[in-house]
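# Examination of the molecular architecture
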Amino acid sequence: MKARIHKFEQNGTYILLDINSGAVHVIDKMIYEMMDTFDGTNDEAVLSALEGKYPQADLKEALEELHELMAAGELFAPDINVPPTFKQTGLVKSICLMIAQDCNLRCKYCFGDGGSYGQERAIMTPEVGKKAVDYLIKASGPRKHLEMDFFGGEPLMNMKTVKAVTEYARQREKETGKKFKLTMTTNGILLNDENIKWLNDNDFALVLSLDGRKEVHDAMRPLAGGQGSYDRAIANFKKCLASRKGGDYDYRGVYTYLRGTYTKNNMDFTKDVLSMNDEGFDILSMEPVVLKDNPLGFTEEDLPRIREEYDRLTEAYMKRHREGKGFFFFHFNMDLSNGPCVAKRLSGCGAGHEYVAVAENGDLYPCHQFVGREKYKIGTVDTGITDKETSQYFRESHVLNKEKCSDCWSRFFCSGGCHANADLFHGDIRKPYEVGCEIQKKRLECAIYVQALLALEKMDDDSDK
Amino acid sequence: MKHIKTVNKPKMQATLKTGGCGECQASCQSACKTSCTVGNQVCEK
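So, here's what we can say about the structure. Computed from a prediction, not measured in an experiment: that's the story for all the values here.

### Focus: the overall build of chain A
From N to C terminus, chain A includes 15 helices and 15 strands. Relative to its length of 465 residues, chain A is compact, with a C-alpha radius of gyration of 24 Å against a globular reference of 23 Å. Oriented by its inertia axes, the alpha-carbon framework of chain A measures out at about 75 × 50 × 45 Å. When the 465 residues of chain A are sorted by exposure, 60% land in the buried category. Of the contacts made within chain A by residues no fewer than 6 positions apart, 70% connect residues no fewer than 24 positions apart. When the accessible surface of chain A is split by element, carbon and sulfur atoms take 49% of a total near 18500 Å².

In structure tokens, the structure reads:
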């Protein structure tokens, strides 16, 4: 039978998630224990299982409350199958442009082989970039909101194409009524005053790569010549952030994210997140490295330590929040009431059917991480997606079609994990990368806990008014 | 309730009929380029 509830304890708070409705209940320890037995139909079994441990009157009162939740559709909500709102085929609405398959850093964990993706170092021409814009407009059909991420390698190494493509996209917006949201992911080395002004003037959301503490960053992200890159990166990032203060650069709009990667060398990554915050950044992300057979990567043996660190990060996050110095942490941001629809939860990242990467030469891949994995080349900017079978396989590789996901409690939150990671570890996008799953589940518990505490605080504030 | 505090008003079941407009952001496109979780997203409607 599919799991219908998930319960966990986080720092003394007991939480019950109803998987198929998304309801989150903060419960007492008695209910936490009752849920080991209760299935909605067996009150007597619950009473006898906990007889002598809790007063019968209390147990009966709690059972009444549980039945109230069931009547409200917030406990044991019915199983979710693929709804008609999940269209049979996807519409591409988002592309990642490999503006430069070259980089001025040599990060030790790079999934793109120092930017080249196992191919020759090369940059995208304005012509290929413009064709990508036209491809996206055509492929997106009636969808209005489109996204382009200028990625690499290091995209600032090819500003000529970035500028030409942006100008063209803005022109095509006017002609087609489409709306492009533009993002750039950069290591910051070339983020000078001129580039900053241009990116601001053109409403770019920015994802800035920094790994936290200087010694951690420098050890992992050296320049091509081997020297550390922290000092240059952080100086440019600070300048960039300062230039954006007071503008419309919020989380849901044109955001400025500082994102990092942690490896086996910094499993105390809470210190790195706090270091980023101490440097003045308050929209943050920090993710585990994904590497196979590499001393920097993680194995199952590392999981207890990683879980412990997320507990530490959670408490540090709440502490700063309570002190009025809170920050956004990407993986703890979760809108428990207004989250994505079921169709979106099945589409997940959309790789291969709603999202594609455009290699510097115009070849299409399911996402940026697949660039260079030749069997995954699915078309070109000239032809569009020609390997429709692979595209459809990605579309249908959602959580309800993956053996390990269909019964997992986190299936409607994680979207089934990263296809590229599944392919890397198992050669099959339907076999998720287990260590990634375990880290994801821990992060989700922390996120649900954080959001539950914030909601309770708000309820208390409202009742005081 | 005495033993339970429900902290959200979930709409997931309702979206079985109403969702799928597709105007929301691609999940791997935002702050993470290595994890594609959807739980952190909001509905754009």
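### A closer look at the interface of chain A and chain B
In this assembly, 86 residues from chain A lie in contact with 43 residues from chain B. Both faces considered, chain A and chain B share a buried interface measuring about 5400 Å² in area, 54% of it formed by carbon and sulfur atoms. At the boundary of chain A and chain B, one finds one salt bridge. Our enumeration of links across chain A and chain B arrives at 25 residue pairs in polar contact (both at pLDDT 80 or more). The greatest single-element share of the side of chain A that touches chain B, amounting to seven residues, is contributed by helix H3 (residues 56–71) of chain A. A class-by-class count of the residues in the side of chain A that touches chain B yields 43 nonpolar, 23 polar and 20 charged.

### Focus: the packing of helix H6 (residues 193–201) of chain A against helix H8 (residues 230–244) of chain A
All names here are of chain A. Relative orientation of the contacting elements H6 and H8 amounts to 40°, with a least axis distance of 10 Å. Once H6 is placed against H8, the crossing between them reads as right-handed. Touching Asp 193, Ile 196, Leu 199 and Asn 200 of H6 are Asn 236, Lys 239, Cys 240, Ser 243 and Arg 244, all from H8. Taken together, the residues that form the contact of H6 with H8 break down as three nonpolar, three polar and three charged.

What counts and what doesn't
Residues numbered from 1 in each chain as written. Chains lettered and ligands numbered in written order. Predicted model: local features only at pLDDT ≥ 70, side-chain atom pairs only at ≥ 80, totals over all residues. Heavy atoms only, no water. Helix = DSSP H or I, 4+ residues; strand = E, 2+ residues; numbered from the N terminus. Rg over C-alpha atoms; globule rule 2.2 N^0.38 Å. Buried < 20%, exposed > 50% of the residue type's maximum accessible area, 1.4 Å probe, protein only. Contact = heavy atoms within 4.5 Å. Areas by Shrake-Rupley, 256 points an atom, 1.4 Å probe, with all protein chains shown as cover. Buried area = accessible area lost by both parts, 1.4 Å probe. Salt bridge = Lys/Arg side-chain N within 4 Å of Asp/Glu carboxyl O. Polar contact = N/O pair within 3.5 Å; in protein donor to acceptor, adjacent residues only side chain to side chain. Nonpolar A, V, L, I, M, F, W, Y, C, P; charged D, E, K, R; others polar. Axes fitted to C-alpha atoms, helices over the stretch in contact; angles between N-to-C directions. Left-handed = near helix turned anticlockwise from the far one by under 90°.

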